[in-house]
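# A closer look at the structure
Listed below are the residues making up each chain.
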Amino acid sequence: MPDTPRPTLTQAQGAPSSRMLATGSVRGSRVVSNEEMCTMIDSTPEWIQQRTGITERRWATAEETPRSMAVEAARKALAKAGLEPSQVDAIVIATVSHHRPSPSLATYVAHDLGSIGAAAFDINAACAGFCYCTSLADSMIRSGSATHILVIGVEKLSEMTNIADRGTAFLFSDGAGAVLFGPSQTSAVGPAVWGSAADKVETIEIEDWTQVADHPRVSHPLIAMDGRNVFKWAMTSVVRKAGEAIAEAGITPTDLDAFIPHQANDRITDAMLRHLKLPESVEVCHDIADMGNTSAASIPIAIDRMLERGQVHSGDLALIIGFGAGLVFAGQVVVLP
Ligand code: UT7
C-alpha cells in the first residue's frame, strides 16, 4: 500500500504582541476595621497593622457574590475600552471562591455580560492566578486563538475565613479586578517567571466540601495557612523570582515605573523592594492597607485603583508578581493600560 499523503494542518497566526487595554474593579462594600476585627479575635489593631500593614479590609455582603463582582468589574473595563461584550473572544477567571465544580464561573459571567459565544473557563492558581492568566492571555493573543480577552481575578474570601484562627482571620478580603487584553504591535507583556514549590503543597489549604459535610459547624470550606512558613518562602524564593522577571523582560530595575506585587503582607513587599534595590522613583503598591488580601483579585484591583488615583499612568512599566497556595508563583513586567 503506497503511503497516502497526510494533510498539513493550518496554524493560527496571532498579533505580534498583546497588551492590557483597560481595567475595572469592585470592592466588597462592608468596611471591616482592625478595631472591629479585634472584637472577633484575640488581637490588637496595632499588632495587625505592624505585622501586615492592614488597617481595614473589605467584606462583601450576601448580595455581592463572586459572580456579581466579576460582572461589575468586567463591565467597567469594557466601558473604558469602548468594547461591546459581544466583541470579547474569551473570558478567563482566576478564583478559588467559585463553589460549583461546574459550570465555570467564567460561563456565568459570559452569560450575564452577554458575551455569548466567548470561550470561558476558570483557572486555580490561588494568589498567583492573575499573573498566570496574564501569561495565558498573552499566549492566546499571540497564537491567534483570541483577539480580546477578559481576565478577571475575583474572590470572596470572607466566607472561607476561619474566625476561630487568630493567625489568619484578619488577612482576607473580597473584591474583583478585570483587565481587558487585546492585540498590540509592540511588546507589552514580558515573559512570565512562574512555577511552584509543590513540596510545600500543604502550607496553605482550603478544606474540601466533604470536610464541611462531615463537620456541619460551618457553611463553607475554611482556609488554613501556616503563615510563618509561607512568609519565609516568600521572603527567600519569591523575592528572587521577582528579580528574574525583570531580567527576563530585558530591563533593569531602574527602568520600572511601578511595583505591584500580590497584596499578602507589606513586610513581604518591603523585603522585595530591598532585594530588588528599586529606585525611590518606583511607585510601590500598598493597597493592602485598606483592602486586605484578596488573593487572585489583589493585583488587578490594585492596578485599577492606582490608575484611577493617578499613582501610575498609561504606558508605565510595572512589575507584577503573585504567590500563594500550591505553593505557586508567577510574575512578569507589563505595560499598564
Ligand atoms: O496570600 C497568600 C500568601 N500568603 C502570605 O504570603 C502570608 C504570609 N504570612 C504572613 O503574612 C504572616 O505569617 C502572618 C501575618 C500571617 C503572621 O505574622 P507573623 O509575623 O508570621 O506571626 P507568627 O505567626 O510568627 O506569630 C508571631 C506571634 C506568635 O506568638 P509567639 O509564639 O511568638 O508567642 C503568635 O501566637 O504572634 C502571635 N499571634 C498573634 N498575636 C496577636 C498570631 N496571631 C496573632 C494575632 N494577634 N492576631
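In the block above lies the structure referred to throughout.
Computed from a predicted model, the values in this text were never measured in an experiment.

Turning our eyes to something else, we now look at the sheet that holds strand E13 (residues 317–324). If you trace the 5 strands from one edge of the open sheet to the other, you get E8-E14-E13-E11-E12, paired in mixed fashion. Only two strands of the sheet have a single partner each, and these edge strands are strand E8 (193–196) and strand E12 (283–284). Looking at chain direction, E13 and strand E14 (residues 328–335) are connected through 8 bridges and run antiparallel. Across the sheet, residue Phe-323 finds its bridge partner in E14, namely Phe-329. Of the strands in this sheet, strand E11 (258–261), E12 and E13 are in contact with helix H8 (residues 266–276), which crosses E11 at around 140°.

Here the focus is the site of the ligand. Around the ligand, 23 residues are found, and the nearest of them are Ser-43, Arg-166, Arg-228, Asn-265 and Asn-293. Residue Ser-43 places a side-chain N or O atom 2.6 Å away from a nitrogen atom belonging to the ligand. Separating an oxygen atom of the ligand from a side-chain N or O atom of Arg-51 is a distance of 2.8 Å. Relative to its free-state accessible area of 950 Å², the ligand is covered by the protein chains to the extent of 76%. With respect to the pocket detection grid, the ligand is positioned in the largest pocket. Elements that contribute at least two residues to the shell around the ligand include exactly helix H2 (45–52), helix H7 (227–248), H8 and E13. Residue composition of the shell around the ligand, by class: 10 nonpolar, 8 polar and 5 charged. Two domains share the shell around the ligand, each providing at least three of its residues, namely domain 1 (17–184) and domain 2 (193–335).

Definitions and limits used
Residues numbered from 1 in each chain as written. Predicted model: local features only at pLDDT ≥ 70, side-chain atom pairs only at ≥ 80, totals over all residues. Heavy atoms only, no water. Pairing = 2+ DSSP bridges. Helix = DSSP H or I, 4+ residues; strand = E, 2+ residues; numbered from the N terminus. Contact = heavy atoms within 4.5 Å. Axes fitted to C-alpha atoms, helices over the stretch in contact; angles between N-to-C directions. Near = heavy atom within 4 Å. Polar contact = N/O pair within 3.5 Å; in protein donor to acceptor, adjacent residues only side chain to side chain. Areas by Shrake-Rupley, 256 points an atom, 1.4 Å probe, with all protein chains shown as cover. 1 Å grid on protein atoms, 1.4 Å probe; cavity = no way out; pocket = protein on both sides within 12 Å on 5 of 7 lines; lining within 4 Å. Sits in = over half its atoms within 2 Å of the grid points. Nonpolar A, V, L, I, M, F, W, Y, C, P; charged D, E, K, R; others polar. Domains from an automatic or database assignment.

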